[in-house]
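What follows is the residue order along each chain.
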Amino acid sequence: MATRWQSIPGATENVVERTSEDIGKVRKRMNVDSSGLKGGAREAVREAGGRAANRLGARAGMAGAALQGGYELGRALDESTGIGKKLVDKAGSAIDRAASGDRVRLTKEAMQQAEDEANFQGMQKALREVDEESGRKGYAKGGQVRGGGCEQRGKTKGRFV
């Protein structure tokens, strides 16, 4: 098992967790000059970032090799058995059946509900529109909000002016 002090990743490590740790170490290394660290601490951050970069590169190489190996294996399997074409044909026929099937139709109640929702949203939008000239919010019926000084300070005690 590899330790954090080694430059190569371990075979049994949690790849996702260790990769995110290594990315953090590389970022620290890139910003070590602005970190305020001095002397040996700064050098330790640089060394840790270098080891982390090496591990990230090794993981990327291993992932690329695994991807290439899987591709080659799948290609050889397909060429010898023809399973790839069979899978594509099956998936294609399933897609064709789904595309040519009956369309979903809304019931009258659902269509009415959707129309009511659209009307409600339209009314809300009308209430939110701002009159360009006055800068006050307009409303569908009635006047506009009054914002005089005495109302804002609460001195009317519930009486209208």
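Each remark here, short or long, concerns the structure printed above.
All of the points below concern the structure found in this document. The model shown is predicted, which means the values in this text are computed figures rather than measured ones.

The end-to-end C-alpha distance of helix 2 (residues 39–81), which contains 43 residues, comes to 63 Å, matching closely the 63 Å that a straight helix rising 1.5 Å per residue would cover. Among the residues trailing helix 2, Gly82 stands out with phi positive, at a value near 75 degrees.

Attention now goes to the side chain of Arg55. Within the element layout of this structure, Arg55 appears in helix 2. Overall, the relative accessible area of 1% leaves Arg55 in the buried class.

Contact pair helix 1 (residues 15–30) / helix 2: the axes reach a minimum separation of 8 Å and the direction vectors enclose 135 degrees. The orientation of helix 1 with respect to helix 2, classified from their angle, is oblique. In the crossing of helix 1 with helix 2, the sense of the turn from one axis to the other is left-handed. Between helix 1 and helix 2, the contacting residues are Val15, Arg18, Thr19, Asp22, Ile23, Lys25, Val26, Lys28 and Arg29 on the first element and Val45, Arg46, Ala48, Gly49, Gly50, Ala52, Ala53, Arg55, Leu56 and Arg59 on the second. Split by residue class, the contact of helix 1 with helix 2 holds eight nonpolar, three polar and eight charged.

Here we come to the pattern of salt bridges. Scanning all chains against the criterion turns up seven salt bridges. Measuring nitrogen to oxygen at the nearest pair gives 3.7 Å for the salt bridge that ties Asp33 to Arg42. Across the salt bridge formed by Arg75 and Glu79, the nearest N and O atoms sit 3.3 Å from each other. In this pair, Arg75 and Glu79 are both assigned in helix 2, four residues apart and thus about one turn of the helix distant. For Arg75, a relative accessible area of 44% puts it in the partly exposed group.

Reading the values: the criteria
Numbers given to residues run from 1 along each chain, matching the order in which its sequence is written. Since the coordinates come from a predicted model, pLDDT governs what is reported: local features require at least 70, and pairs of side-chain atoms require 80 or more to be given and counted, while whole-chain, interface and lining totals use all residues. To get the side-chain values, all heavy atoms of the structure are used, and hydrogens and water are removed first. Segments assigned H or I by DSSP are reported as helices when at least four residues long, segments assigned E as strands when at least two residues long, and all are numbered from the N terminus. What a helix should span is 1.5 Å times the count of its residues minus one. Note on exposure labels: buried denotes an accessible area under 20% of the residue type's maximum, exposed denotes more than 50%, and partly exposed covers the range between, all computed with a 1.4 Å probe on protein chains only. Every angle, taken between N-to-C directions, lies between 0 and 180 degrees, and every axis is a line fitted to C-alpha atoms, over only the stretch in contact when it is a helix. Should an angle fall under 35 degrees it is taken as roughly parallel, and over 145 as roughly antiparallel, whereas 65 to 115 is taken as roughly perpendicular and any remaining angle as oblique. Take the far helix as your reference; a near helix turned counterclockwise from it by less than a right angle gives a left-handed crossing, and one turned clockwise gives a right-handed crossing. Whether two residues are in contact is decided by their heavy atoms, any of which lying within 4.5 Å being enough. Residues are grouped as follows: Ala, Val, Leu, Ile, Met, Phe, Trp, Tyr, Cys and Pro are nonpolar; Asp, Glu, Lys and Arg are charged; all remaining types, including Gly, are polar. The term salt bridge refers to a side-chain nitrogen of Lys or Arg lying within 4 Å of a carboxyl oxygen of Asp or Glu.

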